[in-house]
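# Examination of the molecular architecture
If you want the building blocks of each chain, they are given just below.
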Amino acid sequence: MIKREDKRGEADSPIFGTVIFTILNLAFFILLLTFVWRSANGAAVYEEIYAKQIALAIDKAKPGTQIVINVDKGLQIADKNRQPRSEIFKIDSDKGQVAVSLSEGKGGYEMSYFNNYGIITEINNEGNLIITVK
Amino acid sequence: MTFKFNRFLKDREAGEKWLSIWWFLILVIIALAIIGAINMFFNANIDTRAYEASLLYDKTFDCVSNNYNFMNFGGENFDLITACGLNSYLFTSEEGLKYYIEVYVKDEDGNIIGDKASVGRESYKGDCEVLLGDEKIIAKNFPFCFQKSEVVNFVEPGESKIKTRQIEILIASNQKGGKV
């Protein structure tokens, strides 16, 4: 007579419980780290950084200056968020305002510069924003 | 009294269940704390007012010291916006007012020449007096204030005597930027 092995008790074994417990904890910390990483690389952080960087660079510049800022990371975020290149960096010379928006349909970040210069911006193929101060 | 082994095992299992609940409660508390800290950190404003005020001071000092005849400083015809190439919207329009500039020029004896030249939000001057006063008050919504005095030597056309002027500039900036 073949005896059937009783497997009912295995699910309650200490090893099974420990494995489930470890997996759940790992999943929790991975989710938490993903949240931290996504927050650190989010559009809002880069919008504020670029807007302030551009405004202060214009404030420091003298007429005839050409400023080159690498915005590669911002362009990657904008592409992911389907934001057209022409809508990312907007400069209003009359009000002296720089607006940066890396997400389509969302506002972005705005910062003023106090100089009364004419400003021309252009994004080249190497991921640089070229600001010409007139 | 006899020791009941089965009862002991059941109690232990119940204890472990309670321990698991407490453990997950701790995880939730950790998660909430991290989410709160991350939101506070990344939503915090990057305060560039001090650097901006120093840039505005440099620009004002350059334009006053290089482009102006100090003998008639501060007259009605003197306009800081035009003389220093500043954006008029940010210094005159009620919506855009975020700065204040005040300039005094003094002679060798410390007498003010002409009148002060000022532009921007006038109320910031009072805020700066409080901030730069002896009490060193820290106020969150007050502007950042920067005051400096520098001496300039110059020779007037047709004269050989070196003259000295002291330029005093007060800058207030309350530009924090913002989400659109």
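Right, let's walk through the structure included here. Quick caveat: nothing in here was measured; it's all calculated off a predicted structure.

It is worth spelling out the state of the cysteines at this point. Residue and element names in this part refer to chain B. Inspection of the entire model under this criterion finds two disulfides over all chains. Between the sulfur atoms of Cys 63 and its disulfide mate Cys 84 the distance is 1.8 Å. You can see Cys 63 sitting in helix α2 (residues 49-67) and its partner Cys 84 sitting in helix α3 (residues 80-84), a full 21 residues away along the chain. Assigning the bonded cysteines of chain B consecutive numbers by sequence position, one obtains the connectivity 1-2, 3-4.

Here the focus is the pattern of salt bridges. Scanning the model with the defined rule gives twelve salt bridges over all chains in all. When salt bridges with common partners are traced through the structure, they connect Glu 102, Lys 116, Glu 122 and Lys 125 of chain B into a single cluster.

This part covers helix α3 (residues 72-80) of chain A. Given 3.6 residues per turn, any residue in an α-helix points the same way as the ones three and four places further on. Residues and elements named next belong to chain A. If you check which residues of α3 are buried, you get Gly 74, Leu 75, Ile 77 and Ala 78. All buried residues of α3 project into a common sector of 160 degrees when viewed along the axis, lining one side. Turning to α3, the residues buried within the fold contact α2 (43-60) and β5 (119-123). Just downstream of α3 lies Arg 82, where phi reads positive at about 55 degrees.

Right, let's get into the environment of Gly 177 of chain B. By the secondary structure assignment, Gly 177 of chain B is in the loop between β4 (162-173) and β5 (178-179). Assessed through its relative accessible area of 34%, Gly 177 of chain B is described here as partly exposed. If we skip the residues at most four places from it in the chain, Gly 177 of chain B touches Tyr 109, Glu 110 and Met 111 of chain A.

Along any regular strand the residues' side chains alternate between the sheet's two faces. All names here are of chain A. Here strand β1 (residues 66-70) shows a clear split, with Ile 67 and Ile 69 buried on one side and none of Gln 66, Val 68 and Asn 70 buried on the other. Examined bridge by bridge, β1 and strand β6 (residues 128-133) share five bridges and lie antiparallel to one another. Across the sheet, Ile 69 pairs through a bridge with Leu 129, a residue of β6.

Cut-offs used in this document
Numbering of residues begins from 1 in every chain and follows the order in which that chain's sequence is written. Chain letters start at A and ligand numbers start at 1, both assigned in the order the entries are written. The predicted nature of this model means local features are confined to residues of pLDDT at least 70 and side-chain atom pairs, given and counted, to a pLDDT of 80 or more, with totals for whole chains, interfaces and linings taken over all residues. Think of the side-chain values as coming from all heavy atoms in the structure, minus any hydrogens and water. We call a pair of cysteine sulfur atoms a disulfide when they lie within 2.5 Å. Secondary structure follows DSSP: runs of H or I at least 4 residues long count as helices, runs of E at least 2 residues long count as strands, and numbering of each begins at the N terminus. What counts as a salt bridge is simple: a side-chain nitrogen of Lys or Arg found within 4 Å of a carboxyl oxygen of Asp or Glu. When a residue's accessible area, from a 1.4 Å probe over protein chains only, is under 20% of the maximum for its type it is buried; when over 50% it is exposed; and in between it is partly exposed. As used here, the arc belongs to the directions running from the helix axis to the C-beta atoms. Throughout, a residue-residue contact means that at least one pair of heavy atoms, one from each residue, lies within 4.5 Å. If DSSP finds at least two bridges between two strands, the strands pair.

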